[in-house]
Amino acid sequence: MTTTHQEHPKLDDPSTEHPAPSAPPARLLGRIDSNNPGPTLVVLAAVHGNERAGIHAAQRILRTLDPEHMQGSFVALLGNIAALTHPDPETRFIDHDLNRLCTHERFSEPPSSSVEHAQMFELFDHLAREHQRDPDMVVLDLHTTSAPSTPIVAFEDALPTRELALALPLPRYLGLEEELQGLVFDAATRRLGVRSLLIEAGQHQDPESINIHEASIWTLLDTLGIAHPSDHKLTDPRETLRRAAHHNERACYDLRHREPITAPDFAMEHGVTSGTRVSAGRSVIAHQNTQPCIAAVSGIVFLPNMQRHKRPGDDAFFIVRKVSHAWFDLSARLRTQPWVHTLIRNLPGVHPTHDHELLVRADLAAVLKRQLFHLFGYRLVRHDGRTPAVGFARITQGIRAFTRALFDRAAHPPRRDDPEYWIVRRRRLDVELDPTHDDI
Ligand SMILES: [Zn+2]
């Protein structure tokens, strides 16, 4: 058994207001390997330089976990070390947000392209090495928010990941990876094929955020069979999560809208915060460019940007909608049926390309709406965010789109870069579960 633990008193002390270490810490915060074979949990802390709660939580686990009473490995890695060690403790990133950088295109650029390119390559080298040791490893990315908020777990809605996420008694958020490109946790799944979750624990400086991260890590260690809290004289960490979730832990939300910051005068509307209900076309959510920012869709405000440093292109806020349990369960059953995917591939206006990917006419896709693709286990890889008309106008719009799609069948297959088509794809981890997946 081996134990490596990077002692970093300045990072380690939550009571220190803004601890900036004097020498850059190593990316490996610590690891504990048991002599007994078993799964690996890798936690990522400080992917945003100003979010330190995950570091404190990981260090608590490294101090508590007894290698004699575990199997497998626990590994804690630092995310954006350059931002974490910047003299200004509120630095989220230097050149690029690391949690928006990890796209396929950016990985084809050299590490010298920016500070965060170098961080990204180094982080993913570490992840790739862990993946070689344990192809079934799980990644948990630990974040906190600028505004006070209830803790949540976010994940890509593939069935193997869903099963793991349900072990955490926290509200569940789907669809982050469709509105935000280049998320670290998403890249871990895309590049390595591993299950990956993200926790938003609460506000940056709130000590309770550390407790939430710690309880989340323990719950996963327990669920994966790596270590059990009772063997470490600890009570059930799920209780901490349930309490923090205000017993709303079974609720599930789908991310429906992202508003970007476009002007330096951006400010949230007074009284609007995480959880505020808003109506499309009516509710004022924020102000920027001296104009009010009106809700584009109805729903609930999520992750309003209260950071001190805001830059154009950053997330201003999101709008989410609740998903019913019936929909959630039906979607698990439907997506495992081969006939469902055969049917979808043969719909007018739908062109299968390769690798379980479909090009779908945008006008038809907008009427079918994203929920339908989500229901069948598809992910929107590229969409234009258009929303369908309502009422009778939507029926007419649907008939028109369907008729056009029928004639579309005779036409040449569209090019992948045609903006009149949405790209949707079955989720990688679902496809790997499907015994028939090689047939397509
Ligand atoms: Zn973050």
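Up top you'll find the structure we're talking about.
Structural notes, computed from the coordinates. (Residues numbered from 1 in each chain as written. Predicted model: local features only at pLDDT ≥ 70, side-chain atom pairs only at ≥ 80, totals over all residues.)

## Digging into the overall build of the chain
What the chain contains, in helices and strands, is 16 helices and 19 strands. Computed over C-alpha atoms, the radius of gyration of the chain comes to 22 Å, within 12% of the 22 Å expected from 2.2 N^0.38 for 440 residues, which places it in the range of a compact globule. Dimensions of the chain along its principal axes, counting C-alpha atoms only, are 65 × 55 × 45 Å. Within the chain, buried positions represent 44% of all 440 residues. (Helix = DSSP H or I, 4+ residues; strand = E, 2+ residues; numbered from the N terminus. Rg over C-alpha atoms; globule rule 2.2 N^0.38 Å. Buried ≥ 20, exposed ≤ 12 C-beta atoms within 10 Å, placed from the backbone.)

## With respect to the nonpolar core
Ranked by size, the top nonpolar core spans 91 residues in total, and within it Leu41, Val43, Ala45 and Leu140 carry the most contacts. When sequence neighbours within four positions are dropped, the list of residues in contact with Ala45 reads Leu29, Gly54, Ile55, Ala58, Ala76, Leu78, Gly79 and Leu142. Residues Leu358, Leu364, Val367 and Leu368 belong to the second largest nonpolar core, which totals 17 residues. (Core = buried A, V, L, I, M, F, W, Y, C linked by C-beta atoms within 7 Å. Contact = placed C-beta atoms within 7 Å.)

## Focus on the pairing of strand β19 (residues 421–426)
Relative to β19, strand β17 (residues 357–361) runs antiparallel, the two being bridged by 5 bridges. When the bridges of β19 are listed, Glu357 appears paired with Arg425. Of the strand pairs in this sheet, strand β18 (residues 378–382) and β19 are connected by 4 bridges, and their pairing is antiparallel. In the sheet register, Tyr378 faces β19, and the bridge partner there is Arg426. (Pairing = 2+ DSSP bridges.)

## Points about the packing of helix α10 (residues 207–224) against helix α11 (residues 237–244)
For the pair α10 and α11, the least separation of the axes is 8 Å and the interaxial angle reads 130°. One finds that α10 runs oblique with respect to α11. Seen along the crossing, α10 lies across α11 with a hand that is left-handed. Contact with α10, carried on its side by Glu208, Asn211, Ile212, Ala215, Ser216, Trp218 and Thr219, involves Pro237, Arg238, Thr240, Leu241 and Ala244 of α11 and no other residues of that element. Of the residues belonging to the contact of α10 with α11, the class tally is 6 nonpolar, 4 polar and 2 charged. (Axes fitted to C-alpha atoms, helices over the stretch in contact; angles between N-to-C directions. Parallel < 35°, antiparallel > 145°, perpendicular 65-115°, else oblique. Left-handed = near helix turned anticlockwise from the far one by under 90°. Nonpolar A, V, L, I, M, F, W, Y, C, P; charged D, E, K, R; others polar.)

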